[in-house]
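The chain contents come next:
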Amino acid sequence: MPELPEVEVVRRSLQKFIIGKKIKKIEILNKNLRYKIDKKLKKVAENQKVVSTKRKSKYLLIELSNKHTILLHLGMTGKIFILKNNKVFKTSFYYEKLFYEKHNHFIFNFNKSEILIYNDVRKFGFIKIFKTKNVKTCSHIKNLGPDPLSEQFNSEYMKRTIPKIKKNIKNFLMDQKYVSGIGNIYANEIIHLSTISPRKKVYNLSAKKISLLVKNVKKILKEAIRFGGSSIKDFRGIGGDKGNFQQKFRVYNREGCTCKKKACGGLIKKIYISNRSSFFCSICQNN
Ligand SMILES: [Zn+2]
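Keep in mind it's a predicted model, so treat the numbers as computed, not measured.

Right, let's get into the pairing of strand S9 (residues 114-120). The element S9 is extensively covered by neighbouring structure, given that 7 of its 7 residues are classed as buried. Residues Glu-114, Leu-116, Tyr-118 and Asp-120 point to one face of S9 and Ile-115, Ile-117 and Asn-119 to the other, with burial holding for every one of them. With 7 bridges joining them, strand S6 (residues 78-84) and S9 adopt antiparallel strand pairing. Its bridge partner lying in S9, Phe-81 is registered against Ile-117. Bridge count for strand S8 (residues 104-111) against S9 is 6 bridges, and the pairing is antiparallel. Across the sheet, the residue bridging to Ile-107 is Ile-117, located in S9. As consecutive antiparallel partners, S8 and S9 are separated by 2 residues.

Set out below in structure tokens:
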């Protein structure tokens, strides 16, 4: 499931490909995504130029020249591919496999040789269009907590927010109304780097741990973006894969392996917290 870094990597790729280009035609192959694709999308977005690409939490915002903005969510398996001169480009290194055409749901035609394809196996993603001035107050965006990479997400914000919250640290980081964009993978990684037990109640964090946690939230997310981004730099077509995103994980999916922290030597354990797999070091995160 794409989390903030994966969505940001897609955004940066799109920025390179679609800025300033006119959407000449939108083909809707299957309108039944998480929300039915509104006919308005075609009517409002066709023949408009792409002015900017932004990201809010896990949402992609594609701003158009007629003061409308396309809101796109990748759901669980949504992927964007660019077809340029008959060559397929992935917009994220996160995509491991080539796509099957039967899961293509809509296509933006920029011109004869440049096409954007939205592919989504499980169809939990969606696309909507809003007047740009109304995007911030739409139901998807208005209740989101601060973006973890924004200045608003800082120690002061945490100190103000956590005293009344009875959640453990892991569920807190994954609750979009407190901080938006972090999912299961990065929550595990952030908590490990901060040497906090995933079960620790968030109101029990010391001031020192809070500032360490805020620092590590930003550090881990930036690291993941940079790693994804490094594969964009020499943006290769399908078949040009290199590296492996998962090699970067410190705890996620590393059950039974040794902790990567120097001089720790603990083993990574797996437990379930609110039905989500949680990986932590049995020694350094035992607090
Ligand atoms: Zn450890």
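For Ser-57, which is not a glycine, the phi torsion comes out positive at approximately 55°. Here Ser-57 is to be found in the loop between strand S3 (48-56) and strand S4 (59-64). Despite not being glycine, Ser-274 shows a phi value in the positive range, around 50°. Counting through the fold element by element, Ser-274 comes out in the loop between strand S11 (268-273) and strand S12 (276-281).

Before going further, it helps to examine the coordination of the zinc ion. In this structure, Cys-259 (SG), Cys-264 (SG), Cys-281 (SG) and Cys-284 (SG) serve as the protein donors to the zinc ion, at separations of 2.3 to 2.4 Å. Taken together, the 4 donor atoms coordinating the zinc ion and their angles of 100 to 116° define a geometry best described as tetrahedral. Spacing between the donor residues of the zinc ion along their common chain follows C-x4-C-x16-C-x2-C. Of the two residues, Cys-259 sits in the loop between helix H6 (207-233) and S11 while Cys-281 sits in strand S12, which places them 22 residues apart along the sequence. Side by side, Cys-259 and Cys-281 carry an identical accessibility label, which is buried.

Now for the nonpolar core. One finds Leu-173, Ile-182 and Leu-213 to be the most contacted residues of the largest nonpolar core, which totals 40 residues. Contributions of two or more residues to this core are made by helix H1 (4-18), helix H3 (155-161), helix H4 (169-174), helix H5 (184-193), H6 and S12. With 8 residues, H6 is the largest single contributor of residues to this core. Val-7, Val-10, Ile-18 and Val-44 belong to the second-largest nonpolar core, a separate cluster that totals 29 residues.

About the criteria used
Residues numbered from 1 in each chain as written. Predicted model: local features only at pLDDT ≥ 70, side-chain atom pairs only at ≥ 80, totals over all residues. Heavy atoms only, no water. Buried < 20%, exposed > 50% of the residue type's maximum accessible area, 1.4 Å probe, protein only. Helix = DSSP H or I, 4+ residues; strand = E, 2+ residues; numbered from the N terminus. Pairing = 2+ DSSP bridges. Donors = N, O, S within 2.8 Å, 3.2 Å for Na, K, Ca; no water. Tetrahedral: all angles 85-135°; square planar, octahedral: opposite > 155°, others 65-115°. Core = buried A, V, L, I, M, F, W, Y, C linked by side-chain atoms within 4.5 Å.

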